[in-house]
Amino acid sequence: MTSPAEFASSVVTRLRSAGFEALLAGGCVRDQLLGIPPKDYDVATSALPDEIRDLFGRRKTLAVGASFGVITVIGPRGAGQIDVATFRRDAAYSDGRHPDSVSFTTAEEDALRRDYTINGLFFDPLTNRVIDYVGGQEDLHRGIVRAIGDPVQRIAEDKLRMVRGVRFAARFGFALDEPTRRAIQASAGELVICSAERIAAELRRILTHDSRARGVQLLESTGLLAVMLPEVSLLAPDEGWSPESTAETPWRRTLHLLARLSEPTFAVALAALVREISLADDPRSAVAHMPTHDMPHRLFERWRLSTHELEEMTQVLRDEPVVRDARKLPWPRLQRILSAPRIESTLCLATGVAAVLGDGSEGVAFCRDVLRRPAAEWNPPPLVTGEDLKHLGIPPGPAYRALLEAVRDAQLESQIHSREEALQLVLAEHKRTGGNA
Ligand code: ATP
Ligand code: MG
């Protein structure tokens, strides 16, 4: 099977044999130099989109990005696909989001239109040489995220670059170059003109990476977080957090919690980010001037998240305190929480919260123990269904739910063990409540 790296080299070789310039470009070069396996490979070339398609064949290429000069080449099994982009220069950015047009040009100009020096490198896989027009290698060695060219202008062209800069700094543990940082601070407010989807996509990548606490801290110190999440002012952020600092303020607890999460989904990390904000909004508290009940719903609308993500955020915030308190809970109630979909997400958040607050680890451990046991032991199939109630002649209606729940409770409490006992209980309950429950 061809690996993605081998396929990338073969694409470069093929373009070069056909007389074009071709190099690996951008993130894959950076990652390789950092010793991180690249997520995907991009090729930059002097070939025009039509020439790329002619060379690799229509059937092996996709032209979704052709208007920016990007052709996707589909590899053999296991090799994935590779974006092959014509060297380009971006014309003016009059809207602060995308270029008005693009035109095709040289490798050097293609490097200069990229956002950060560490993202502006090329690599020749045939000679194993790095081609660096922007000083990216030195910044990689020094650990610096620096805009290519004038940071103020580069951010004015595309405001999303501000969040991207923070993302790369956090992900690699790099510092923001001082002029770049100042430019971000000065323009943070303009992030609002970027689409919700693009902002959310960057935030998703910041929050699902291990470096998320540092990412959020950088978003805060650059002023971007206040634009993305104005509610954060309720936590009175300060700059003094480090992973070793003690967690005494809501803001620092939030960063500690983010740092503690182990491979969270985006929804769980978002829930962690807003957990203290939701708590700060106790209507009796002094900061209630900014009502933040239902933060999940706010985030859902603000960043056009999926309803699945909304439900996941809501569930984990609601259930994490319950899970931490598991030992004190009646079993039927806890059992329903443990058998809910996405319980892993709830436990992920609860584990972090328990560690930060020093409260509830036994509850979480207890839940994990239960979940490790065979399902038949702790989540047996129900003894009766709605069909059974119909057969007993009980008219369908809202009472069904209550009856089934009562039977389920009794089953989980080991008060009943068979279908017969369950049906008897249904009839007794039906009679007792006069059909109203
Ligand atoms: P990742 O590994 O996170 O995907 P990446 O560097 O590959 O990192 P992409 O968003 O996939 O990031 O972009 C690929 C390359 O395109 C970047 O390395 C950069 O050179 C260039 N690029 C992407 N977005 C922008 C932008 N908004 N402005 C300028 N250049 C950009
Ligand atoms: Mg990429």
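Quantities reported herein were computed from a predicted structural model and do not represent experimental measurements.

1. What about the overall build of the chain?
A tally of helices and strands in the chain yields 22 helices and eleven strands. Over its C-alpha atoms the chain spans a radius of gyration of 28 Å, topping by over 25% the 22 Å that the globule rule assigns to 437 residues. Across its three principal axes, the chain shows a C-alpha extent of roughly 85 × 55 × 35 Å. Out of the 437 residues in the chain, the part that is buried amounts to 49%. Put simply, of all contacts in the chain between residues at least 6 apart along the chain, 64% involve residues at least 24 apart. Roughly 20,600 Å² of accessible area belongs to the chain as shown, and the carbon and sulfur atoms make up 53% of that amount.

2. Focus: the packing of aromatic side chains
For the structure on display, the rule yields four aromatic pairs. A ring pair is formed by phenylalanine 87 and phenylalanine 122, whose centres lie 6.1 Å apart and whose planes are at 70°; its orientation type is edge-to-face. Of this pair, phenylalanine 87 sits in the loop between strand 5 (81-86) and strand 6 (88-90) while phenylalanine 122 sits in strand 8 (residues 121-124), and the two are 35 residues apart along the sequence. Note on phenylalanine 172 and phenylalanine 174: the rings are 5.7 Å apart at their centroids and 50° apart in plane angle, and the pair reads as tilted. Assessed through its relative accessible area of 7%, phenylalanine 174 is described here as buried. Members of the aromatic cluster, each reached through a chain of ring pairs, are Phe87, Phe122 and Tyr133. Geometry around phenylalanine 168 places arginine 167 over its ring, the cationic atom sitting 4.6 Å from the centre. Over the face of the ring belonging to tryptophan 303 we find arginine 302, whose NZ or CZ atom lies 6.0 Å from the ring centre.

3. Here's the deal with the sheet that holds strand 5
The strands making up a sheet are joined through hydrogen bonds of the backbone, oriented either antiparallel or parallel. Taken in spatial order, the seven strands line up as 3-4-5-2-1-8-9 in an open sheet, and their pairing is mixed. Either end of the sheet is taken by a strand with one partner, and the two such strands are strand 3 (61-62) and strand 9 (129-132). Pairing analysis gives four bridges linking strand 2 (residues 42-45) to strand 5, with the strands arranged parallel. When the sheet's bridge partners are listed, alanine 44 is paired in strand 5 with alanine 85. Along the sheet, helix 3 (residues 49-56) makes contact with strand 2, strand 3, strand 4 (70-74) and strand 5, crossing strand 4 at roughly 10°.

4. Some remarks on the pairing of strand 1 (residues 22-25)
Working note: regular strand, side chains alternate between the two faces of the sheet. Of the two faces of strand 1, the one carrying Ala22 and Leu24 and the one carrying Leu23 and Ala25 are both buried. Sheet analysis places strand 1 next to strand 2, joined by three bridges and oriented antiparallel. Note that in strand 2 the partner of leucine 24 across the bridge is valine 43. Pairing between strand 1 and strand 8: two bridges, direction antiparallel. In the strand pairing of strand 8, leucine 24 is matched with phenylalanine 123.

5. Here we look at unusual backbone geometry
Most peptide bonds adopt trans geometry, and most residues besides glycine take a negative phi value. Positive phi values are uncommon outside glycine, yet glutamate 263 reaches one of about 45°. With respect to the element layout, glutamate 263 can be found in the loop between helix 12 (250-260) and helix 13 (266-280). Positive phi values are uncommon outside glycine, yet arginine 342 reaches one of about 70°. Here arginine 342 is to be found in the loop between helix 16 (331-338) and helix 17 (343-357). What makes arginine 342 partly exposed here is its relative accessible area of 24%.

6. What to know about the pairing of strand 9
Pairing of strand 8 with strand 9 involves four bridges; the strand directions are antiparallel. Counted as the bridge partner of phenylalanine 122 is isoleucine 131 from strand 9. Between strand 8 and strand 9, which pair antiparallel and follow one another directly, the connecting turn spans four residues, one of which, asparagine 128, has a positive phi of 55°.

7. Some words on the domain arrangement of the chain
Along its sequence, the chain is carved into domain 1 (1-142), domain 2 (144-211), domain 3 (229-379) and domain 4 (386-433). Using only C-alpha atoms to locate each centre, domain 2 and domain 3 end up separated by 27 Å. Counting from both sides, the interface comprises eight residues of domain 2 and, opposite them, eleven residues of domain 3. With both chains or domains summed, domain 2 and domain 3 bury close to 880 Å², and 67% of this area falls on carbon and sulfur atoms. Applying the counting rule to domain 2 against domain 3 returns two salt bridges. Here the residues of the side of domain 2 that touches domain 3 are counted per class, giving five nonpolar, one polar and two charged.

8. Quick look at the nonpolar core
Counting 88 residues, the largest nonpolar core has Leu224, Leu229, Leu270, Trp303 and Leu349 as its most contacted members. Looking at this core, the element that brings in the most residues is helix 13, giving eleven residues. Setting aside chain neighbours within four positions, we find tryptophan 303 in contact with Ala196, Ile199, Ala200, Leu203, Met228, Leu229 and Leu270. Counting 15 residues, the second largest nonpolar core, distinct from the first, contains Ala326, Ile337, Ala354 and Cys367.

9. Examining the site of ligand 1
In the vicinity of ligand 1, 15 residues are found, and the nearest of them are Arg30, Arg161, Arg167, Arg171 and Arg205. Here a nitrogen atom of ligand 1 and a side-chain polar atom of arginine 161 are 2.8 Å apart. At 2.8 Å from an oxygen atom of ligand 1 is found a side-chain nitrogen or oxygen belonging to arginine 164. Contact with the protein chains covers 82% of the free accessible surface of ligand 1, which is 590 Å². Mapped by element, the contributors of at least two residues to the shell around ligand 1 are helix 2 (27-34) and helix 7 (160-172). The element best represented in the shell around ligand 1 is helix 7, accounting for five residues. For the shell around ligand 1, the residue count by class is one nonpolar, three polar and eleven charged. When residues of the shell around ligand 1 are sorted by domain, at least three fall in each of domain 1 (1-142) and domain 2 (144-211).

How each quantity is defined
- Residues numbered from 1 in each chain as written.
- Chains lettered and ligands numbered in written order.
- Predicted model: local features only at pLDDT ≥ 70, side-chain atom pairs only at ≥ 80, totals over all residues.
- Heavy atoms only, no water.
- Helix = DSSP H or I, 4+ residues; strand = E, 2+ residues; numbered from the N terminus.
- Rg over C-alpha atoms; globule rule 2.2 N^0.38 Å.
- Buried < 20%, exposed > 50% of the residue type's maximum accessible area, 1.4 Å probe, protein only.
- Contact = heavy atoms within 4.5 Å.
- Areas by Shrake-Rupley, 256 points an atom, 1.4 Å probe, with all protein chains shown as cover.
- Phe/Tyr/Trp six-rings, centres within 6.5 Å; stacked < 30°, edge-to-face > 60°.
- Lys NZ or Arg CZ within 6 Å of the ring centre and 35° of its normal.
- Pairing = 2+ DSSP bridges.
- Axes fitted to C-alpha atoms, helices over the stretch in contact; angles between N-to-C directions.
- Domains from an automatic or database assignment.
- Buried area = accessible area lost by both parts, 1.4 Å probe.
- Salt bridge = Lys/Arg side-chain N within 4 Å of Asp/Glu carboxyl O.
- Nonpolar A, V, L, I, M, F, W, Y, C, P; charged D, E, K, R; others polar.
- Core = buried A, V, L, I, M, F, W, Y, C linked by side-chain atoms within 4.5 Å.
- Near = heavy atom within 4 Å.
- Polar contact = N/O pair within 3.5 Å; in protein donor to acceptor, adjacent residues only side chain to side chain.

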